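# Breakdown of the fold
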Amino acid sequence: MFDWIRRVFDSPEKRERQAFLDTIDALNAAAGGGEPTAFTEVLGELPLRSGTLLLGDPQYLAELEVPGIRARRVTVSAKLWRHPSGATTVAALTLHLGDATETGDIRTIGSIPIDSAKLVVVDQADYHQHWTEVGKDRIGIISTSRNDTVLRLLTKRFGVKTVRVDRFHAEVVGPVSTDLERAIEEFLTATPEFGKYSFLHFRVQTNNSFDRVLHLPTAWGFLPVGNAPEPMMFACETGHGDGGYDVNVKFVGDTPQLISVTFIDE
């Protein structure tokens, strides 16, 4: 019997994944100047007007919902790892929905698949009414991950001025009009080397709701759901990145009182 238990909880696959995660943690520690210090911190609050919270990857946010919440505000706290360099990792997230001191029943209500290394928490009504596919910006992004060929072609062909933002991308200086976007796409599509996957070489980023979450410059933050300053949503990096993370909810009767998601299981 004990051999069976050991095989279930100590499989080669689990050991292999744990070894991979240990390597990631060691690399992060080296990059961060040493082992991190763990602490818990209240990060802020979100208004809750619909009584239902959505949690998930920004690509498919509506897949997991927590309905029946009576609280009008959600207090967001997290277990954080902070390295000597100041780099921060979100190890676990807790959402307080009223008086969490009451005795309740903890249930796992589902697992969140993460493919963007980000988790979003947002009121359901705010998501449906304000999440936008088109933002207010029009930033031309040119890929230089393989080489500078496309950058040189577009600069010569269309006379655009660019600025290098990192070793993998350059940006067109100033907003890209829809006419210029269409002309560049037609040019790349007609070029055999780039035509099949032209979007990999050039795209216009509008900083829509998804873009803002994906390019979150810090480990966590509160940011607008749509193009207006309010309402707000919460977004954070997911500890070890992509994967599946269980969502545990503490219920008092049928009312959710606390939601927790662990990204790094120590």
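So, how was this worked out
Per chain, residues are indexed from 1 in the order of the written sequence. Reporting in this predicted model follows two pLDDT cut-offs: at least 70 for local features of residues, and 80 or more for side-chain atom pairs to be given and counted; totals over whole chains, interfaces and linings ignore these cut-offs and use all residues. The side-chain values count all of the structure's non-hydrogen atoms but skip hydrogen atoms and water molecules. In this description, a nonpolar core means a group of buried Ala, Val, Leu, Ile, Met, Phe, Trp, Tyr and Cys residues linked to one another through side-chain atoms lying within 4.5 Å. Remark: exposure states derive from per-residue accessible area (1.4 Å probe, protein chains only) relative to the maximum for the residue type, with buried under 20%, exposed over 50%, and partly exposed in between. Secondary structure elements are defined from DSSP: runs of H or I of at least 4 residues count as helices, runs of E of at least 2 residues count as strands, and each element is numbered from the N terminus. Only heavy atoms matter for contacts: two residues are in contact if any of them lie within 4.5 Å across the pair. Any helix carries an expected span of 1.5 Å times its number of residues minus one. This arc is built from the directions going out from the helix axis to the C-beta atoms. The aromatic pairing rule takes the rings of Phe, Tyr and Trp, using the six-membered ring of Trp, and pairs them if the centres are within 6.5 Å, calling planes under 30 degrees apart stacked, those over 60 edge-to-face and the rest tilted. Throughout this description, the term charge over a ring refers to an Arg CZ or Lys NZ atom that lies within 6 Å of the ring centre and within 35 degrees of the ring normal.

One finds Leu53, Leu55, Leu93, Leu95, Ile259 and Phe263 to be the most contacted residues of the largest nonpolar core, which totals 34 residues. Per-element tally for this core: the top contributor is strand 4 (residues 73–82), with five residues. With near-sequence residues (within four places) excluded, Leu55 lies in contact with Leu61, Leu64, Val66, Leu95, Ile112, Leu119, Val120, Val121, Ile259 and Val261. Residues Leu151, Val160, Val176 and Val204 belong to the second largest nonpolar core, which totals 14 residues.

With 12 residues, helix 5 (residues 178–189) extends 16 Å between its outermost C-alpha atoms, agreeing within 8% with the 16 Å of an ideal straight helix rising 1.5 Å per residue. Buried within helix 5 we find Glu181, Ile184, Phe187 and Leu188. Along the axis of helix 5, the buried residues cluster in a sector spanning 130 degrees; they form a single face. Those residues of helix 5 that are exposed and aimed more than 90 degrees away from the buried face are Asp179 and Glu186. Considering only its buried residues, helix 5 is in contact with helix 4 (149–158) and strand 11 (202–205).

The subject of this paragraph is the packing of aromatic side chains. Applying the stated criterion across every chain yields a total of seven aromatic pairs. Relative to Phe187, the ring of Phe158 has its centre 5.8 Å away and its plane inclined at 80 degrees; by these criteria the two rings are edge-to-face. Of this pair, Phe158 sits in helix 4 while Phe187 sits in helix 5, and the two are 29 residues apart along the sequence. We classify Phe158 as partly exposed; its relative accessible area is 26%. Among the aromatic residues, ring-to-ring pairing joins Trp220, Phe222 and Phe234 into one connected group. Over the aromatic face of Phe251 sits the side chain of Arg107, whose NZ or CZ is 4.0 Å from the ring centroid.

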